[in-house]
Amino acid sequence: MHQGKNNSMVFYKKYKRLNILLYLFVKILILNSCNLNNFKSQMKSYFGSLPNGEKIYKYKLSNGYMSVEIINYGGIITNINIPNSQGINTDVVLGFDTFHQYIEEHPYFGAIIGRYGNRIANGKFSLNGINYQLAKNNGENSLHGGLIGFDKVLWSVKELDDHKDPGIKLTYFSENMEEGYPGNVQIDVTYILTKENELKILYEAITDSPTVINLTNHSYFNLGGESSGDILDHFLTINADSYLPVDKNMIPTGEIRNVKNTPFDFSEMKKIGLEIETQNNQLIIGKGYDHCWVLNDYGKGIRKIAEVKSINTGINMEVYSDQPGVQFYTGNFLDGSLKSKKLNKYKKRSGFCLETQHFPDSPNQPSFPNVILDPDKKYQTQTWYKFSTKTY
Ligand code: GLA
């Protein structure tokens with residue numbers, strides 16, 4: 001009897017202890033999930049002002065592992081921070097630490113490009129029998145939307161707080177005949193950072209009369225870190241069997257050329273620098289790679305189009321897109337005149353771009369996929385950059 005009472009006391013004490021432990025465990029779980037929610041949220045901070053006083057803000061999207069920073073001027077991605085294989089935070093995009101450098105001359109670092117990314121020959125095209133003349137800002141061509149493209153305008157920003165992944169939606173109204181393009185166009189660009197370490201960029205546009213459109217992002221990546229030197233040791237795969245050769249003015253000739261047995265073959269992983277100095281007419285014209293690859297499986301929705309890795313940092317980037325082409329550009333025009341965030345010089349080839357897009361000069365090349373946007377249609381495309389880190 002006495003023994004029985006003792007046993008039940010022991011059991012009761014154990015039960016109570018178990019209950020307390022369970023309570024503490026649940027509490028820790030709740031606290032942790034609150035912390036995760038905090039990590040997920042986007043942060044807004046003042047970054048600088050335009051000469052007219054308009055304020056520029058930086059929006060930081062974090063998922064607790066990596067972060068992406070974007071400003072409302074040009075929708076520019078200023079920083080992408082991710083731990084390298086040693087756990088050291090590494091910024092993998094070229095850019096600046098102060099706002100005034102972004103309003104000075106620079107080659108589209110991190111910016112949204114539009115209305116028409118890439119080149120339009122002689123800055124001219126005709127649509128429904130009407131001729132349009134754009135500004136020539138690249139020799140005889142119009143490049144990346146003209147003199148004041150979407151990279152140099154102020155976007156309005158909506159912070160997305162649907163409690164899922166952190167994100168922002170940028171909106172810009174481009175007026176009829178802005179930079180010579182017809183139609184009042186509303187453009188929305190959404191940046192989302194997922195738990196799977198994907199930076200998703202969703203592009204949308206509507207117009208009130210027929211126009212042409214080709215939006216992209218002009219981030220310069222260096223997976224070794226933005227100040228680490230050139231990107232020639234990065235390994236690259238592009239899922240494309242062919243590319244578009246260009247004339248001496250960098251306008252596609254119309255030929256779709258097979259990459260087999262040429263320095264343009266990245267269908268299997270290859271070092272970017274392996275053949276870049278080859279005496280190849282196209283590499284000479286581009287001063288390196290500055291061409292549009294014709295991506296495989298266009299029309300089948302979003303698919304993996306490229307992958308790049310740095311063995312030094314272990315940082316890997318996969319690119320997914322629904323677009324027909326990607327301009328692979330190896331920063332051939334960087335010349336050391338711009339200072340990096342760590343105050344080094346951005347020398348030739350210290351970054352590479354993978355600008356997912358429609359083919360250059362499509363408004364003048366009827367054999368290329370169509371870039372016309374009509375009022376009854378919605379332009380909708382997306383590109384994802386997915387990051388991961390490995391130890392080699
Ligand atoms: C694009 C072009 C390049 C160059 C850069 C900016 O990617 O294809 O030729 O103009 O932009 O310097």
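In this text the structure is predicted, and so the values were computed from the model without any measurement.

Next up on the list: the overall build of the protein. When its secondary structure is counted, the protein shows 3 helices and 27 strands. Counting across all 392 residues of the protein, residues that qualify as buried make up 54%. Sequence separation of 24 or more characterises 65% of the internal contacts of the protein that already satisfy a separation of 6 or more. Summed over all atoms, the accessible surface of the protein reaches about 18400 Å², with 53% contributed by carbon and sulfur.

Once that is clear, we can look at the packing of aromatic side chains. Considering all chains together, one arrives at 29 aromatic pairs under this definition. Between F150 and W155, the aromatic rings sit 5.9 Å apart at their centres with planes inclined by 90 degrees, giving edge-to-face as the arrangement. When sorted by exposure, F150 lands in the same class as W155, which is buried. Their ring planes at 85 degrees and their centres at 5.1 Å tell us that F359 and F368 sit as a pair that is edge-to-face. The burial state of F359 is the same as that of F368; both residues are buried. The structure contains a cluster of three or more aromatic residues connected by ring pairs, namely F47, Y73, F96, F99, Y102, F109, Y220, Y329, F333 and Y346. Taking the ring centre of W384 as reference, the NZ or CZ of K200 above it sits at 3.9 Å. A cation over a ring is seen here: K270 above F266, with NZ or CZ 4.3 Å from the ring centre.

Taking strand neighbours across the sheet as the criterion, the 9 strands line up as β11-β12-β13-β14-β27-β23-β22-β17-β20 in an open arrangement whose pairing is antiparallel. Single-partner strands in this sheet number two, and they are β11 (156-160) and β20 (270-271). Relative to β20, strand β17 (residues 235-238) is paired through 2 bridges, and the arrangement is antiparallel. Bridging across to β20, L236 finds its partner in K270.

In the vicinity of the ligand, the contacting residues are P107, Y108, R119, L143, H144, H218, Y220, D290, Q327, Y329, F333 and E355. The contact in question runs from an oxygen atom of the ligand to an N or O atom on the side chain of H218, over 2.9 Å. In isolation the ligand offers 300 Å² of accessible surface; the protein chains occlude 94% of this area. Within the shell around the ligand, the residues separate by chemical class into 6 nonpolar, 3 polar and 3 charged.

By size, the foremost hydrophobic cluster in this structure holds 58 residues, and its most contacted members are I80, Y191, W293, M317, F328 and F387. Sorting elements by how many residues they give to this core places strand β13 (residues 185-193) first, with 5 residues. Among residues more than four places away in sequence, those in contact with M317 are F221, L223, A306, E307, V308, F352, L354, Y385, K386 and F387. Among the nonpolar cores identified, the runner-up in size contains 21 residues, and Y73, F96, Y220 and L334 belong to it.

Ordered by their spatial adjacency, 5 strands build an open sheet running β1-β2-β3-β4-β5, and the pairing between neighbours is antiparallel. The open sheet has two edge strands with one neighbour each: β1 (42-49) and β5 (89-91). Direction aside, neighbouring strands of the sheet carry axes that sit 20 degrees apart on average. Both strand β2 (residues 55-62) and strand β3 (residues 67-71) contribute to a ladder of 5 bridges, which runs antiparallel.

It is worth spelling out the pairing of strand β4 (residues 77-83) at this point. Summarising burial for β4: 7 of the 7 residues are buried, a large majority. By the bridge criterion, 4 bridges tie β3 to β4 in an arrangement that is antiparallel. Of the residues in β4, the one forming a bridge with I70 is I77. Linking β3 back to β4 in an antiparallel pair, the connection comprises 5 residues, with G74 at a positive phi of about 70 degrees. Examined bridge by bridge, β4 and β5 share 3 bridges and lie antiparallel to one another. Each bridged residue has a counterpart across the sheet, and for N81 the counterpart in β5 is D91. If you look at the hairpin formed by β4 and β5, you'll find 5 residues sitting between the two strands, and G87 has a positive phi there, around 85 degrees.

It is worth spelling out the pairing of strand β9 (residues 130-133) at this point. Alignment of strand β8 (residues 124-127) against β9, held across 4 bridges, turns out to be antiparallel. When the sheet's bridge partners are listed, K124 is paired in β9 with Q133. Hairpin remark: β8 followed by β9, antiparallel, with 2 residues in the connecting loop; positive phi at N128, about 50 degrees.

What counts, and at which threshold
- Residues numbered from 1 in each chain as written.
- Predicted model: local features only at pLDDT ≥ 70, side-chain atom pairs only at ≥ 80, totals over all residues.
- Heavy atoms only, no water.
- Helix = DSSP H or I, 4+ residues; strand = E, 2+ residues; numbered from the N terminus.
- Buried < 20%, exposed > 50% of the residue type's maximum accessible area, 1.4 Å probe, protein only.
- Contact = heavy atoms within 4.5 Å.
- Areas by Shrake-Rupley, 256 points an atom, 1.4 Å probe, with all protein chains shown as cover.
- Phe/Tyr/Trp six-rings, centres within 6.5 Å; stacked < 30°, edge-to-face > 60°.
- Lys NZ or Arg CZ within 6 Å of the ring centre and 35° of its normal.
- Pairing = 2+ DSSP bridges.
- Near = heavy atom within 4 Å.
- Polar contact = N/O pair within 3.5 Å; in protein donor to acceptor, adjacent residues only side chain to side chain.
- Nonpolar A, V, L, I, M, F, W, Y, C, P; charged D, E, K, R; others polar.
- Core = buried A, V, L, I, M, F, W, Y, C linked by side-chain atoms within 4.5 Å.
- Axes fitted to C-alpha atoms, helices over the stretch in contact; angles between N-to-C directions.

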